[in-house]
Every structure is written in C-alpha cells, then in structure tokens.
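This is what each chain is made of:
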Amino acid sequence: EERSGIEQRLQHIASIHALVTENSRDVIMLADLDGRRTYVSPAIEGMKGWRPEELIDRKISELAHPDDRAKVEDTIRGLRPGSEDAMIEYRSQNRNGEYSWVEASLRMFRDTKTGIPSGILSLVRDITERKHHEELLLKANQTLEELAIADALTGVANRRRFDECLAHEWSRSARLQKPLSMLLIDADSF
C-alpha cells in the first residue's frame, strides 16, 4: 500500500513535469557543466524550428552568433566559481540558418544527495521583438537629442549645445589647469 502511494506521487510529479515542459512557451534546457545539452523541451520547435533531439549533446554556445559565442561561453564558465546564476542576451541560430535574439536565464543545479554541482538549468525566451522595439526607441532618442541641440531651421548648434560644450571645456580646463578663452559674436542678419 505504501509502495502504491509512492508510485502515485511519482506519476503525479511526472505528469506535472510533462504539463510544464510541453506547454511552456519558454524553452527549458538542461546541460552538463560544460554547456552540452542533455534535455531540450518541445517549445524549441515553435521558437527556433529545431526538434529537441537535434540539439541533445550539442553545446549551448554552438548555435550562438559568432560575435556572441565567447560571451555565452564566458557566462557558462562563470557559473562554476560560486556565482550560481546568470542572465544573458544573445543571438541564436534558427533551424533555417537565420539568427534571432534570445534571453537565457542560467542556473547551476546540484546533485540532491552530494550537493556537488551537476548541471545547468536554462530557461530561454525569444526577445527578437523586444530588441527591435529597443532599437527603434534608441533611434528615436538619438533623433530627439539631435533636435534638442540644434536649430531646426539652420542645423546650427543651439544654446543647449553651447552650455554642454562650455561645461565640458570648463572641466577640461580645470583638470589640465589651463586657461579657457571664449569669444562671443552677435551674428544678426547673416
């Protein structure tokens, strides 16, 4: 009877695990301490086009964009010395060869009996749309800043830009202990 109760609890836990991993929009991955995947949830197919079994035994960094690969590897290595979790944004290759932005939350997990680090749990979410909106916002802010420091009609730097330059030059003059000279010209009717 006790054995039956244990089996029922284990089946219940397994069904909860399946429910979470099969219905999560985020990809759940397990990897060894070197970053080699040992489990990939089915969400990977909808997000990146890969079948889970295609990624087993492949390193997490392997599909990172070449410009981001070292950052991913450094983050994984950084989990070992005692920092047990990290968050990283990088471009990851889709099955069709294109790259899209992902955010990965990495956490080292330990063997429940020995307490020795035994792997990495990674929750991965697609942030391509968010990165696109961040880029648009950055461009809008740059445009706004340009408008704020130049006359809209002539494109000539305005008083705000003058104040910024004066503060910068004043600081540099004080730091270098050099005099600062300024010439003001009233240019009406130009």
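Asks: Please clarify how the overall build of the chain should be interpreted in this entry.
Replies: Helix and strand counts for the chain stand at six helices and five strands. Shown N-terminal to C-terminal, the secondary structure of the chain runs as helices and strands in the order α-β-β-α-α-α-β-β-β-α-α. Relative to the compact-globule value of 16 Å for 190 residues, the chain shows a C-alpha radius of gyration of 27 Å, a clear excess of over 25%. With the principal axes as the frame, the chain shows a C-alpha extent of 100 × 40 × 35 Å. Looking at the chain residue by residue over its 190 residues, the buried ones come to 24%. Excluding contacts between residues fewer than 6 apart, the proportion of contacts in the chain whose partners are at least 24 apart in sequence is 37%. Total accessible area computed for the chain in this model is approximately 13,800 Å², and 53% of it derives from carbon and sulfur atoms. Of the charged side chains in the chain, 28 are positive and 34 negative, and the gap between their average positions amounts to 4 Å.

Asks: Would you take a moment to explain helix α6 (residues 159-176) for this structure?
Replies: Given 3.6 residues per helical turn, the α-helix brings residues three or four places apart onto the same face. Across its 18 residues, α6 extends 25 Å between first and last C-alpha, which sits within 8% of the 26 Å expected from 1.5 Å per residue. For α6, the N-terminal capping position is held by N158, with its side-chain oxygen 3.1 Å away from the main-chain nitrogen of R160.

Asks: Can you walk me through the nonpolar core in this structure?
Replies: Grouped burial of nonpolar side chains is what soluble globular proteins tend to show. One finds V27, V72, Y90, L106 and V124 to be the most contacted residues of the largest nonpolar core, which totals 22 residues. Put simply, the parts of the chain that give this core at least two residues each are β1 (27-31), α2 (43-48), α4 (69-78), β3 (85-93), β4 (99-110) and β5 (117-126). Leaving out residues up to four positions away in the same chain, V27 has contacts with V40, S41, A43, I44, M47, S122, L123 and V124.

Cut-offs applied
Residues numbered from 1 in each chain as written. Predicted model: local features only at pLDDT ≥ 70, side-chain atom pairs only at ≥ 80, totals over all residues. Heavy atoms only, no water. Helix = DSSP H or I, 4+ residues; strand = E, 2+ residues; numbered from the N terminus. Rg over C-alpha atoms; globule rule 2.2 N^0.38 Å. Buried < 20%, exposed > 50% of the residue type's maximum accessible area, 1.4 Å probe, protein only. Contact = heavy atoms within 4.5 Å. Areas by Shrake-Rupley, 256 points an atom, 1.4 Å probe, with all protein chains shown as cover. Lys, Arg positive; Asp, Glu negative; His and termini not counted. Charge placed at Lys NZ, Arg CZ, Asp CG, Glu CD. Expected span 1.5 Å × (residues − 1). Polar contact = N/O pair within 3.5 Å; in protein donor to acceptor, adjacent residues only side chain to side chain. Core = buried A, V, L, I, M, F, W, Y, C linked by side-chain atoms within 4.5 Å.

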